[in-house]
Amino acid sequence: MLRRVKEGCTVSILNYHQKRTLVNVKLKWVKDCVLDGVVAGGRELKAGSTLVSIIASQSSSGLPIYHLQSKHGQLGLPRDLKVSTFLRRYPNIFEEFYCPDSAGTPVPWFELTREALEFHHEEVNVLRECNTDIVNTLRKLLMMTKERMLPLQTVDQLRWDVGLQHDYGSSLIIKYPELFSLVDLPDGRVGLRLLAWDHKLAVSQLEANSAKEKGTLMFPIGFTRGFGLKRKCMEWLEEWQKLPYTSPYVDGSHLDPRTDVSEKRIVGVFHELLHLTLQKKTERNNVSNLRRPLELPQKFTKVFERHPGIFYISMNGDMQTIVLREAYDRNQLIEKHPLVHIREKFANMMKQGFLDRSRGLYKDTNQRPEEDTLI
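Residues numbered from 1 in each chain as written. Predicted model: local features only at pLDDT ≥ 70, side-chain atom pairs only at ≥ 80, totals over all residues. Heavy atoms only, no water.

Looking up the chain in an unreviewed UniProt entry gives the name PORR domain-containing protein, with the organism given as Anisodus tanguticus.

Structure, rendered in structure tokens:
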């Protein structure tokens, strides 16, 4: 489509919009207690589920606390919270016993209760049934990047959100040598590269589901109750929605980062990224390392503040979590992946164990030294 600018000169609509700089619109953040509730407890759930997987993967009946404490970084627990303290909160899941070390000193070990083992076996069965879906999610994540590759460190940060097992390197990647390859990166890290592009997968959720208005894809919009949008902001948002949509699976390097068209691509990238997650949310820190792989400009995360009708930033706890608004009907996911059902079951198990312990239903029968002397 062409637009006449002056006699003898025509430019494409895309180039016309490319010349427009970003409108200086500031939208306020309004607390959404319902979506804050969606985020609450997520850190504990991730840590508990990961610990179950780590302990269950061992051939022995349990693991010593010093081994589990070394996993603190990947659990996502607060720095000042000991792993042992966390484990003892859920006696219906983690059972504590003592074994002497080489010097004869009693050391706390933890194993899974029968209830936790039954849950783990159920989770493994669901993971097996959803294997193809999880593999395709990982493929789509890599297809969004410039080099079809991400450092394993970055994949690790998104592991929980996209449904990968804690040992996905040995349990999944190695099984698909025709799809994935581990590569050495110039900075000394290891990267995960996608070997095969699939055009059938290179379709964003917005392209698959969104209704078109005059040929333009528009994002579903919703605001927190009580959110007041000024007329200037409403007019800008309406015009912004009508701008050309660039798929996150298409090279966007030709777009001027100072334009609204480029911003719509960035919003589209994170709209798709959140759709790839199981619960349509992720910690803001998890996307900090995606700028270069996704070819994003500096300060790209500002799109979360500029588009509160698409993304909600939860300040719950001491972290920021980005939630995709359209995926929730109040506090319920509209479409639940089978793994989400499993996680909800485990969350209820954790809650019950914590409450029962608080009521004194679990008595400590272990003969052990004072806890202050232990890790």
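(A) Summary view of the overall build of the chain. Per the secondary structure count, the chain includes 15 helices and 15 strands. Residues counted as buried form 48% of the 375 residues belonging to the chain. Contacts in the chain between residues at least 24 apart in sequence constitute 67% of all its contacts with a sequence separation of at least 6. Total accessible area computed for the chain in this model is approximately 20100 Å², and 49% of it derives from carbon and sulfur atoms. (Helix = DSSP H or I, 4+ residues; strand = E, 2+ residues; numbered from the N terminus. Buried < 20%, exposed > 50% of the residue type's maximum accessible area, 1.4 Å probe, protein only. Contact = heavy atoms within 4.5 Å. Areas by Shrake-Rupley, 256 points an atom, 1.4 Å probe, with all protein chains shown as cover.)

(B) Local environment of unusual backbone geometry. Backbone geometry at Arg148 places phi at a positive 55°, although glycine is not the residue there. Inspection of the secondary structure puts Arg148 in the loop between helix H8 (131-143) and strand S6 (149-151). Taking relative accessible area as the criterion, Arg148 reaches 28% and is therefore assigned partly exposed. With phi around 55°, Lys299 is a residue other than glycine that occupies positive phi space. Tracing the backbone through its elements, the reader meets Lys299 in the loop between strand S11 (281-283) and helix H14 (302-306). Lys299 gets classed as exposed once you look at its relative accessible area, which sits at 63%.

(C) Summary view of the layout of surface pockets. Roughly 1200 Å³ of internal volume is contained in the largest pocket. Every residue lining the largest pocket is counted, 42 residues in all, and those nearest its centre are Gly42, Arg43, Lys46, Trp160 and Lys281. Listed by contribution, the elements that provide at least two residues to the lining of the largest pocket are helix H2 (33-39), helix H3 (42-56), helix H5 (72-75), helix H9 (152-162), S11, strand S15 (332-333) and helix H15 (338-358). For the lining of the largest pocket, the leading source of residues is H15, giving seven residues. For the lining of the largest pocket, the per-class residue count stands at 13 nonpolar, 17 polar and twelve charged. Its volume calculated, the second largest pocket comes out at about 620 Å³. Taken together, 26 residues line the second largest pocket, and the ones lying closest to its centre are Gln205, His275, Leu276, Lys280 and Glu335. Counting residues per element, the ones that place at least two in the lining of the second largest pocket are H8, helix H11 (205-209) and helix H13 (260-276). (1 Å grid on protein atoms, 1.4 Å probe; cavity = no way out; pocket = protein on both sides within 12 Å on 5 of 7 lines; lining within 4 Å. Points joined across faces, edges and corners; volume = space filled by probe spheres on them. Nonpolar A, V, L, I, M, F, W, Y, C, P; charged D, E, K, R; others polar.)

(D) Structural context of the pattern of salt bridges. Following the criterion strictly, the structure yields 14 salt bridges and no others. In this structure, the salt-bridge partner of Glu272 is Lys140, at a minimum N-O distance of 3.5 Å. With a gap of 132 residues between them, Glu272 in helix H13 and Lys140 in helix H8 connect regions that are remote in the sequence. Using a relative accessible area of 2% as the deciding quantity, one classes Glu272 as buried. (Salt bridge = Lys/Arg side-chain N within 4 Å of Asp/Glu carboxyl O.)

(E) Representation of the sheet that holds S11 in the model. Ordered by their spatial adjacency, three strands build an open sheet running S11-S13-S12, and the pairing between neighbours is antiparallel. The strands lining the two open edges of the sheet, one partner per strand, are S11 and strand S12 (311-314). Averaged over all neighbouring strand pairs, the angle between strand axes comes to 20°, with direction disregarded. Pairing between S11 and strand S13 (residues 321-324): three bridges, direction antiparallel. Within S13, the position partnered with Lys281 by the bridge is Val323. (Pairing = 2+ DSSP bridges. Axes fitted to C-alpha atoms, helices over the stretch in contact; angles between N-to-C directions.)

(F) Layout of the side chain of Asn286. Mapped onto the secondary structure, Asn286 falls in the loop between S11 and H14. By relative accessible area, which is 10% here, Asn286 ends up buried. Within the local environment of Asn286, its side chain forms a polar contact with the backbone oxygen of Gln157, the two atoms lying 3.4 Å apart. If near-sequence neighbours (up to four positions away) are discounted, Asn286 is found in contact with Gln157, Leu158 and Asp161. (Polar contact = N/O pair within 3.5 Å; in protein donor to acceptor, adjacent residues only side chain to side chain.)

(G) How the structure looks around empty space enclosed by the protein. Throughout the structure, instances matching the rule amount to one cavity of 30 Å³ or more. If you go around the largest cavity, the residues you meet are Leu27, Ile221, Phe223, Leu237, His307, Pro308, Gly309 and Ile310. The residue makeup of the lining of the largest cavity, split by class, is six nonpolar, two polar and no charged.

(H) Structural context of the packing of aromatic side chains. All chains considered together, the criterion is met by eleven aromatic pairs. Ring centres of Phe270 and Phe300 lie 5.6 Å apart, and the angle between their planes is 5°; this geometry places the pair in the stacked category. Of this pair, Phe270 sits in helix H13 while Phe300 is found in the loop between S11 and H14, placing the two residues 30 residues apart along the sequence. Judged by its relative accessible area of 1%, Phe270 is buried. The interplanar angle of 85° and the centroid separation of 5.2 Å between the aromatic rings of Phe304 and Phe311 together place this pair among those described as edge-to-face. The class for Phe304 is buried, based on a relative accessible area of 2%. Take Phe311: its relative accessible area is 1%, and that puts it in the buried class. Following the ring pairs from residue to residue traces out a cluster consisting of Phe219, Trp236, Trp240 and Tyr245. (Phe/Tyr/Trp six-rings, centres within 6.5 Å; stacked < 30°, edge-to-face > 60°.)

(I) Highlighting the pairing of strand S4 (residues 94-100). Sheet topology note: the S4/strand S5 (residues 106-112) ladder contains seven bridges and is antiparallel. Paired with Tyr98 across the strands is Pro108, a residue of S5. Two successive antiparallel strands, S4 and S5, enclose a turn made up of five residues, where Gly104 displays a positive phi of approximately 85°.

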